[in-house]
Amino acid sequence: MGWPALLLLSLCAVGVRGLYFHIGETEKRCFIEEIPDETMVIGNYRTQMWDKQKEVFLPSTPGLGMHVEVKDPEGKVVLSRQYGSEGRFTFTSHTPGDHQICLHSNSTRMVLFAGGRLRVHLDIQVGEHANNYPEIAAKDKLTELQLRARQLLDQVEQIQKEQDYQRYREERFRLTSESTNQRVLWWSITQTVILILTGIWQMRHLKSFFEAKKLV
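Residues numbered from 1 in each chain as written. Predicted model: local features only at pLDDT ≥ 70, side-chain atom pairs only at ≥ 80, totals over all residues. Heavy atoms only, no water.

Topic: the pattern of salt bridges
Put simply, the test is: The salt bridge definition used is simple: a Lys or Arg side-chain nitrogen within 4 Å of an Asp or Glu carboxyl oxygen. Throughout this description, buried means an accessible area under 20% of the type-specific maximum (1.4 Å probe, protein chains only), exposed means over 50%, and partly exposed covers the range between. Each helix is a run of DSSP H or I of at least 4 residues and each strand a run of E of at least 2, with the numbering of both proceeding from the N terminus.
If you walk through the whole model with that rule in mind, you get six salt bridges. For Arg29, the salt bridge goes to Glu27, with nearest N and O atoms at 3.3 Å. Arg29 gets classed as buried once you look at its relative accessible area, which sits at 17%. Accessibility expressed as a relative area gives 28% for Glu27, which makes it partly exposed. In this structure, Glu171 engages Arg174 in a salt bridge whose closest nitrogen and oxygen atoms are separated by 2.6 Å. Here the residue Glu171 and the residue Arg174 both occupy positions in helix α2 (residues 144-212), the gap between them amounting to three residues, near one helical turn. Given a relative accessible area of 35%, Glu171 falls into the partly exposed group. The class of Arg174 is partly exposed, set by a relative accessible area of 36%. Beyond isolated ion pairs, a larger network of salt bridges with shared partners links Glu171, Arg174 and Glu178.

Describing the pairing of strand β4 (residues 40-51)
Threshold: In short, DSSP must find at least two bridges between two strands for them to pair.
One ladder, built from seven bridges, connects β4 with strand β8 (residues 86-92); its direction is antiparallel. Across the sheet, the residue bridging to Arg46 is Glu86, located in β8. Of the strand pairs in this sheet, β4 and strand β10 (residues 118-126) are connected by nine bridges, and their pairing is antiparallel. Note on β10: the bridge partner recorded for Met49 is Leu118. One ladder, built from four bridges, connects β4 with strand β5 (residues 56-59); its direction is antiparallel. Among the inter-strand pairings, Asp51 is bridged to a residue of β5, identified as Val56. Counting the residues that bridge the hairpin from β4 to β5 gives four residues, and of these Glu55 lies at a positive phi of roughly 55°.

Re the confidence of the model for the chain
For clarity, the threshold we go by: How sure the predictor is of each residue is captured by pLDDT, a score from 0 to 100. Only heavy atoms matter for contacts: two residues are in contact if any of them lie within 4.5 Å across the pair.
Overall, the predicted model of the chain reaches an average pLDDT of 79, with 83% of residues at or above 70. Contacts for the low-pLDDT stretch residues 1-14, under 50 throughout, to residues beyond four places or in other chains number 34 contacts.

Examining the packing of aromatic side chains
Let me state the cut-off plainly: In summary, the pairing rule links any two rings of Phe, Tyr or Trp, Trp by its six-membered ring, whose centres are within 6.5 Å, and it sorts them by plane angle into stacked for under 30 degrees, edge-to-face for over 60 and tilted for everything else. Only when the NZ atom of a Lys or the CZ atom of an Arg is both within 6 Å of the ring centre and within 35 degrees of the ring normal do we say a charge sits over the ring.
Under the defined criterion, the tally for this structure stands at two aromatic pairs. Ring plane angle 55° and centroid distance 5.1 Å describe the contact between Phe21 and Phe31, whose orientation is recorded as tilted. Of this pair, Phe21 sits in strand β2 (residues 15-23) while Phe31 sits in strand β3 (residues 28-35), and the two are ten residues apart along the sequence. Comparing Phe21 with Phe31, the two get one shared label, buried. Aromatic side chains Tyr45 and Tyr83 sit 6.3 Å apart centroid to centroid with 80° between the ring planes, which places their arrangement in the edge-to-face category. Here Tyr45, found in strand β4, pairs with Tyr83, found in strand β7 (residues 77-83); they are 38 residues apart in sequence, far enough to count as distant. Assigned by exposure class, Tyr45 and Tyr83 land together as buried. Arg119 extends its terminal NZ or CZ atom over the ring of Tyr20, reaching a point 4.4 Å from the ring centre.

Notes on the nonpolar core
To keep it simple, the criterion reads: We define the nonpolar core as a collection of buried residues of types Ala, Val, Leu, Ile, Met, Phe, Trp, Tyr and Cys that are connected through side-chain atoms lying within 4.5 Å of one another.
Counting residues in hydrophobic clusters, the biggest one holds 22 residues, and the most contacted among them are Tyr45, Val68, Phe89 and Leu122. Among the elements of the structure, β2, β3, β4, β6 (66-71), β7, β8, β9 (97-105) and β10 are those that each provide at least two residues to this core. Among the elements that make up this core, the one with the highest residue count is β10 (five residues). In this structure, Phe89 is in contact with Val41, Ile42, Gly43, Tyr45, Val68, Leu79, Tyr83, Ile101 and Leu122, ignoring residues within four places of it in sequence.

See below:
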């Protein structure tokens, strides 16, 4: 199997995004999500198979499943688990940056892919959008005002995390720029030294040549 296709999605760190895509048997699709640290992410997916006779996508059979794998910016596996034809996965980021979310079918039987196509619907919820506030209100017996205050506090906390992440990105960019500038400076100095040494060598060589020919 070739390299997995990386779909770079402009998904902000606070929000909800839904999409669907098509994959073949055992084909892997990966998505890049920028996530601040200590942020909860919830993904919901469901699969549909192409029916040749009806020429429509129908719900997948129970025997079909998906494998979900999540890696942090350092390449460490945060989540790796087998799910059914539809499921829900959850993880919390501990390192800010680009997280790679990959999905692929666990099927090796082409009969399940009679039409050669599988449609996957994927919803990713990040930050305070991952919270189920009706469930929280029922569990903690919160009034509408208390629930709204809880939502505002979560939003403020998520905004703070996003600001911290932007400062982290800015710091990394600054360090990268300084390192690049320093390398360019040293390369320029090296080029200058090489040119000077080459000039000196050429002058000495020409002098020796003229002396050998008794022109000077």
